[in-house]
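The residues making up each chain are set out below.
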Amino acid sequence: MDLDDSPEQAQYRATVRSWIEQHRSSAPPARGDAEDAAYIERRRTWQREMAEEGLVGVTWPKEFGGQGRGPLEQVIVNQELNAADAPGVIDVIGIGLMGPCIIAHGSEEQKSRYLAPMLHADEVWCQLFSEPGAGSDLAAVQTRAVKQEDGNWALTGQKVWTTNAQFSAYGMCLARTDADVPKHKGLTMFIVPMDAEGVSTHGLRQVSGEAEFNEVFLDGVVVGGDEMVVGGVGNGWMTALTVLMFERVMIGLSAEGFGYSADRFAPALAAVPHARTDKEVRKRFGQLSAELLAIRFAGFRALSALENGQIPGPEAGLSKITTVNAAIAAGELLADVLGPDALDESGEWAYMISFLPGLKSAGGTEAILRNTVGERVLGLPPEPRLDKGIPFAELRAKEKQAVAS
Amino acid sequence: MNLSLSDEQVFLRDAARGALSRFDTLEAARTGLEDAATLPDLWPTAVEAGWPGMLIPEDAGGAGLAPFDAMLVAEEIGRALAGVPFLGVLPATVLLAAGGDDRLAAVAGGQTRVAYVPARPPGDLDEPEWTTDAAGGGRGPAFQAGGAEGALALSGRAAYVPDAHGAELLVVIAVDERGEPVAAVVEAGASGVAVEHVQRYDATRSLAHVTLEGAPARPLSCSTEDMGRAWHLAQALIAAEAVGTVAAAHEMMLAYAKERFTFGRAIGSYQAVKHEIVEVLRQLENARSLLFYAGWAGERRPEEFALAASAARTSAGGALDMAARANINVHGGIGATWEHDAPLYFRRAQVTRRLVGGHGDAADRVAGELLLVADAAQG
Ligand SMILES: Cc1cc2nc3c(=O)[nH]c(=O)nc-3n(C[C@H](O)[C@H](O)[C@H](O)COP(=O)(O)OP(=O)(O)OC[C@H]3O[C@@H](n4cnc5c(N)ncnc54)[C@H](O)[C@@H]3O)c2cc1C
């Protein structure tokens with residue numbers, strides 16, 4: 001059992017650390033307002049500087065501008081950024097989900113066109129999956145894509161909860177190309193230029209008051225021909241599943257990246273004399289800290305499996321549930337200890353407390369994750385479904401009838 | 001980074017599972033409740049497998065293995081609900097090895113059986129005061145070390161000491177008149193020593209109240225760190241045992257959820273059942289991750305061992321409590337019967353939670369250790 005860096009990894013870490021030390025002073029703060037264009041611009045510049053140093057897309061193959069290194073080197077970069085309290089990439093969705101998706105399912109042309117500008121934050125990406133009528137049941141998306149006579153695809157529909165859409169160049173959009181087949185079958189994944197005619201983006205304010213996510217209307221948006229399809233027409237569900245898998249692992253393993261770590265909460269409690277001696281406070285802190293420490297080591301287990309060419313076990317998927325709930329427990333505890341001051345919106349904790357209830361849903365709700373693990377990992381039978389094998393158009397009619405009666 | 005088990009560790013684990021599978025440990029856990037005489041003596045099995053000497057250095061006759069290796073064996077013991085002298089034995093061997101006792105070879109070879117009489121090291125808030133588990137619950141003062149020059153004598157009492165019954169040597173942590181901890185060896189047969197066998201609720205846990213009244217003792221030259229480490233090793237072993245027990249209970253409820261049908265469907269298809277079983281898995285995997293932390297700290301980061309072992313116990317203990325009840329619940333009425341195995345896991349959970357400082361104390365120490373680190377960072 002070994003957690004220490006190998007000599008090569010130690011060398012890599014030293015290089016990364018010294019680069020961050022040299023550039024730390026020009027880095028923007030790790031946290032800022034998603035609607036402040038100047039702040040976003042600074043974050044993009046920071047990502048570009050990191051990319052030029054080879055600190056973005058560390059695990060991507062070299063031919064696509066990555067470093068061709070292992071997941072452990074990516075973790076080393078994350079750890080060093082955290083330790084320096086410097087921000088990571090602004091385009092978490094592109095670098096974490098859409099880049100890997102294009103590498104897995106995209107054409108050669110798509111790879112050479114999109115990956116390099118993504119790495120350098122010249123083009124930021126968003127995920128146009130969820131709709132008002134399709135979240136957990138993502139395959140129920142209604143955004144229609146119709147092929148026109150000139151071979152171009154035109155998209156019409158509404159997307160919601162789209163993080164980063166306000167400054168994105170492209171969106172990866174799940175749309176329906178055939179409503180006369182069962183719902184998982186008639187889907188296709190498209191690349192949508194966010195500046196195309198007919199795309200309109202409106203910020204949606206969240207619990208914190210900030211608008212990090214958006215609703216995006218697509219009104220007859222002509223995106224181009226088949227060169228804008230990722231993974232083949234009618235294969236959209238497969239492509240979406242790849243993205244969802246990356247998303248859950250990313251959220252589950254990035255507890256520390258979000259700043260949810262026992263080492264961060266401890267000083268806040270240690271500074272309050274009455275908290276330190278309060279048995280109940282200590283018990284709650286001890287329990288939630290054990291969960292957060294477990295997540296750290298679950299991450300190491302997953303990495304170790306990847307390094308050995310194995311697939312991470314179920315602990316990786318369950319990490320998201322643990323991360324979110326342990327962080328919620330930490331926010332509750334801090335607010336109990338500090339009183340309403342913890343809820344002061346200019347302070348350190350209010351944003352975290354406001355962000356977490358939504359994070360419980362983002363990237364798959366807790367109930368959906370438990371279903372997935374129960375069925376895929378444990379082999380428990382799924383619940384009976386009423387939508388199997390029914391053409392999507394018919395299904396919609398039935399649902400409308402059910403709500404009406 | 002490599003967290004996979006080495007070939008030797010896989011062999012050690014499989015051998016432990018194989019050795020214990022020669023006994024019907026579950027049946028013994030049940031019949032032992034009514035007639036302790038029916039419990040198999042698993043000490044010869046432990047000796048044959050080399051467990052008493054696992055943590056004793058090779059040059060002293062042991063196998064020179066690491067805490068994580070002992071945790072692998074503990075996990076198998078917990079999985080089988082086996083009543084093997086182990087949890088109480090290994091911390092004693094570590095103290096004897098640290099103190100360079102001359103009977104180490106006999107202890108490693110199993111000719112001489114030892115037991116650790118635990119004392120809880122002070123945490124961040126306690127007065128520098130060592131305590132023992134008291135009969136009737138709570139904490140009592142640690143054993144007092146006194147006696148004339150060159151003739152150490154110990155007095156005091158510790159309750160619910162694992163594996164003390166049947167041990168020939170007791171390794172006791174006491175405090176001297178200045179409150180400083182001392183480790184010492186007491187012959188179980190010496191005058192002034194009473195080891196009262198107590199059985200509570202779980203036949204697979206052999207417990208004893210140890211009372212010393214001016215018992216003659218031989219001091220061991222152990223450091224305060226060694227004495228703290230023995231306590232935390234016991235916490236890590238309890239965590240590992242619990243992980244094994246949870247894994248077994250999880251397999252059991254999962255199998256039942258697939259074969260029991262109600263309303264025309266397997267009960268595992270209902271979310272209430274499915275999500276409960278997934279929750280057991282979540283807690284199990286978290287606890288397992290922390291066993292890696294404890295194992296790694298035990299070997300490479302001794303200054304983090306208290307935190308890691310306490311976190312492992314907190315997590316594994318919670319998982320055990322939850323899994324033991326979930327297992328009965330998923331089984332419905334049959335799960336609540338004497339003949340069924342589910343209650344045996346429940347009994348194990350009930351007693352485990354209250355041993356060696358108790359489950360709640362581990363969570364408190366996680367908090368305390370983290371607060372100490374925060375203080376140090378503040379300067
Ligand atoms: C902060 C944040 C950022 C997001 N960013 C993006 C983004 O960038 N791009 C994007 O496409 N989406 C994004 N989302 C959307 C997110 O993926 C969805 O909110 C999520 O999948 C849930 O879908 P829904 O909101 O439609 O809820 P619903 O699916 O309507 O669920 C409502 C409730 O019903 C429960 N439920 C539904 N079905 C079942 C079932 N079968 N069994 C048990 N319970 C069930 C759910 O668990 C939930 O509690 C974001 C969400 C948040 C909160």
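What you see is a predicted model, and the numbers here were worked out from it, not measured in a lab.

Cut-offs applied
- Residues numbered from 1 in each chain as written.
- Chains lettered and ligands numbered in written order.
- Predicted model: local features only at pLDDT ≥ 70, side-chain atom pairs only at ≥ 80, totals over all residues.
- Heavy atoms only, no water.
- Helix = DSSP H or I, 4+ residues; strand = E, 2+ residues; numbered from the N terminus.
- Rg over C-alpha atoms; globule rule 2.2 N^0.38 Å.
- Buried < 20%, exposed > 50% of the residue type's maximum accessible area, 1.4 Å probe, protein only.
- Contact = heavy atoms within 4.5 Å.
- Areas by Shrake-Rupley, 256 points an atom, 1.4 Å probe, with all protein chains shown as cover.
- Lys, Arg positive; Asp, Glu negative; His and termini not counted.
- Charge placed at Lys NZ, Arg CZ, Asp CG, Glu CD.
- Phe/Tyr/Trp six-rings, centres within 6.5 Å; stacked < 30°, edge-to-face > 60°.
- Lys NZ or Arg CZ within 6 Å of the ring centre and 35° of its normal.
- Salt bridge = Lys/Arg side-chain N within 4 Å of Asp/Glu carboxyl O.
- Expected span 1.5 Å × (residues − 1).
- Arc of directions from axis to C-beta.
- UniProt positions renumbered as here; feature names shortened; annotations may be inferred.
- Near = heavy atom within 4 Å.
- Polar contact = N/O pair within 3.5 Å; in protein donor to acceptor, adjacent residues only side chain to side chain.
- Nonpolar A, V, L, I, M, F, W, Y, C, P; charged D, E, K, R; others polar.
- Buried area = accessible area lost by both parts, 1.4 Å probe.
- Core = buried A, V, L, I, M, F, W, Y, C linked by side-chain atoms within 4.5 Å.
- Domains from an automatic or database assignment.
- Pairing = 2+ DSSP bridges.

1. Comments concerning the overall build of chain B
In terms of helices and strands, chain B carries eleven helices and eleven strands. The C-alpha atoms of chain B give a radius of gyration of 21 Å, which matches the 21 Å a tight globule of 379 residues would have. Principal axes of the C-alpha set define a box for chain B whose edges measure 80 × 55 × 45 Å. Counting all 379 residues of chain B, 60% fall into the buried class. Within chain B, contacts between residues separated by at least 24 positions form 71% of all contacts whose residues are at least 6 apart in sequence. Just so you have it, chain B exposes about 14100 Å², and 52% of that area is on carbon and sulfur atoms. Here chain B contributes 30 positive and 49 negative side-chain charges, whose respective centroids are spaced 8 Å apart.

2. Considering the packing of aromatic side chains
On inspection of all chains with the given rule, the structure shows 14 aromatic pairs over all chains. Between A:Trp19 and A:Trp46, the aromatic rings sit 5.5 Å apart at their centres with planes inclined by 35 degrees, giving tilted as the arrangement. Here A:Trp46 lies in helix H2 (residues 37-53) and A:Trp19 lies in helix H1 (residues 7-23), a separation of 27 residues in the sequence. Each member of the pair, A:Trp19 as well as A:Trp46, is classed as buried. On the basis of an interplanar angle of 65 degrees and a centroid distance of 5.2 Å, the ring pair of A:Trp153 and A:Phe190 is categorised as edge-to-face. Separated by 37 residues along the polypeptide, A:Trp153 in strand S3 (residues 153-159) and A:Phe190 in strand S5 (residues 187-193) bring together distant segments of the chain. Each member of the pair A:Trp153 and A:Phe190 is classed as buried. In this structure an aromatic cluster arises from ring pairing among A:Phe297, A:Phe300, B:Tyr293 and B:Trp296. Here A:Arg176 stacks its cationic end above the ring of A:Phe392, 3.5 Å away from the centre of that ring. The ring of B:Tyr201 carries B:Arg347 above its face, with NZ or CZ at 4.3 Å from the centroid.

3. Section: the pattern of salt bridges
Residue and element names in this part refer to chain A. Applying the stated criterion across every chain, the model contains 47 salt bridges over all chains. A salt bridge links arginine 13 to aspartate 5; its shortest N-O distance comes to 2.6 Å. Since its relative accessible area comes to 16%, arginine 13 is described here as buried. On the basis of relative accessibility, which here comes to 26%, the residue aspartate 5 falls in the partly exposed class. A salt bridge links arginine 264 to glutamate 348, with the nearest nitrogen and oxygen atoms 3.3 Å apart. You can see arginine 264 sitting in helix H7 (residues 262-270) and its partner glutamate 348 sitting in the loop between helix H10 (314-338) and helix H11 (350-359), a full 84 residues away along the chain. Accessibility expressed as a relative area gives 27% for arginine 264, which makes it partly exposed.

4. With respect to H1(A)
Residue and element names in this part refer to chain A. Along its 17 residues, H1 runs 25 Å from first to last C-alpha, staying within 8% of the 24 Å computed at 1.5 Å per residue. Within H1, the full set of buried residues consists of Gln9, Tyr12, Arg13, Val16, Trp19 and Ile20. Here the buried residues of H1 occupy an arc of 130 degrees about the axis, which is enough to place them on one side. Counted as exposed and oriented over 90 degrees from the buried face of H1: Pro7, Gln11, Glu21 and Gln22. On the buried face of H1, the contacting elements are H2, helix H3 (71-83) and helix H9 (279-307).

5. Comments concerning the UniProt feature "domain: Acyl-CoA oxidase/dehydrogenase middle" (unreviewed entry) in chain A
Here, UniProt's "domain: Acyl-CoA oxidase/dehydrogenase middle" (unreviewed entry) annotation points to residues 126-219 of chain A. Helix makes up 0% of residues 126-219 of chain A and strand 44%, and the two end C-alpha atoms of the span are 18 Å apart.

6. Looking at the site of the ligand
Close to the ligand lie 20 residues; A:Ser130, A:Ser136, A:Trp161, A:Thr365 and B:Gln271 are nearest. Residues lining the ligand come from chains A and B. Between a nitrogen atom of the ligand and a main-chain N or O atom of A:Trp161, the distance comes to 2.8 Å. One of the side-chain nitrogen or oxygen atoms of B:Gln271 is found 2.7 Å away from a nitrogen atom of the ligand. Against a free-state accessible area of 970 Å², the protein chains account for coverage of 66% of the ligand. Here the shell around the ligand gets three residues from one element, more than from any other, and that element is helix H12 (residues 366-377) of chain A. Taken together, the residues of the shell around the ligand break down into seven nonpolar, 13 polar and no charged.

7. Overview of the interface of chain B and chain A
On the side of chain A, 52 residues touch chain B, which itself brings 47 residues to the contact. Regarding the contact of chain B and chain A, the summed buried area is about 4600 Å², with carbon and sulfur atoms giving 64% of it. Joining chain B to chain A, the criterion identifies twelve salt bridges. Close ionic contact of B:Arg300 with A:Asp4 constitutes a salt bridge, the shortest N to O distance being 2.8 Å.

8. Focus: the nonpolar core
Grouped together as the largest cluster of nonpolar side chains are 223 residues, with contacts concentrated most on A:Leu155, A:Met172, B:Trp51 and B:Phe86. With 21 residues, the top contributor of residues to this core is helix H7 (residues 224-259) of chain B. Once you skip the residues sitting within four places of it in the chain, A:Leu155 turns out to touch A:Arg144, A:Ala145, A:Cys173, A:Ala175, A:Phe190, A:Val192, A:Leu218, A:Asp219, A:Gly220, A:Val221 and A:Val223. Listed in part, the 22 residues of the second largest apolar core include B:Val161, B:Val172, B:Ala184 and B:Val210.

9. Description of the UniProt feature "domain: Acyl-CoA dehydrogenase/oxidase C-terminal" (unreviewed entry) in chain B
UniProt records the feature "domain: Acyl-CoA dehydrogenase/oxidase C-terminal" (unreviewed entry) at residues 236-356 of chain B, using the numbering of this structure. Within the segment residues 236-356 of chain B, helix and strand shares are 76% and 3% respectively, and the terminal C-alpha atoms sit 11 Å apart.

10. What to know about the domain arrangement of chain A
Residue and element names in this part refer to chain A. As assigned here, chain A comprises domain 1 (7-90), domain 2 (125-234) and domain 3 (254-376). Each of domain 2 and domain 3 has a C-alpha centre, and these two points are 32 Å apart. At the junction of the two partners, domain 2 supplies five residues and domain 3 supplies six residues. Summing both partners gives a buried area of about 460 Å² for domain 2 against domain 3, and 55% of it is carried by carbon and sulfur. Counting across the interface, domain 2 meets domain 3 through zero salt bridges. The tally of links from domain 2 across to domain 3 stands at one residue pair in polar contact (both at pLDDT 80 or more). Along the lines of polarity and charge, the residues of the side of domain 2 that touches domain 3 split into one nonpolar, two polar and two charged.

11. Examining unusual backbone geometry
Even without being a glycine, A:Asp85 presents a positive backbone phi close to 55 degrees. Summarising the element assignment, A:Asp85 is placed in the loop between H3 and helix H4 (92-105). The residue B:Leu81 is not glycine, and still its phi comes out positive at about 50 degrees. Examined against the element boundaries, B:Leu81 turns out to sit in the loop between helix H4 (67-80) and helix H5 (90-98). On the basis of relative accessible area, B:Leu81 is assigned to the buried category, the value being 1%.

12. Looking at the pairing of strand S1 (residues 114-117) of chain B
Residues and elements named next belong to chain B. Covered by surrounding structure in S1 are Val114 and Tyr116 together with Ala115 and Val117, the residues of both alternating faces. In terms of strand pairing, S1 meets strand S6 (residues 169-175) through four bridges, oriented parallel. Paired with valine 117 across the bridge in S6 is valine 172.

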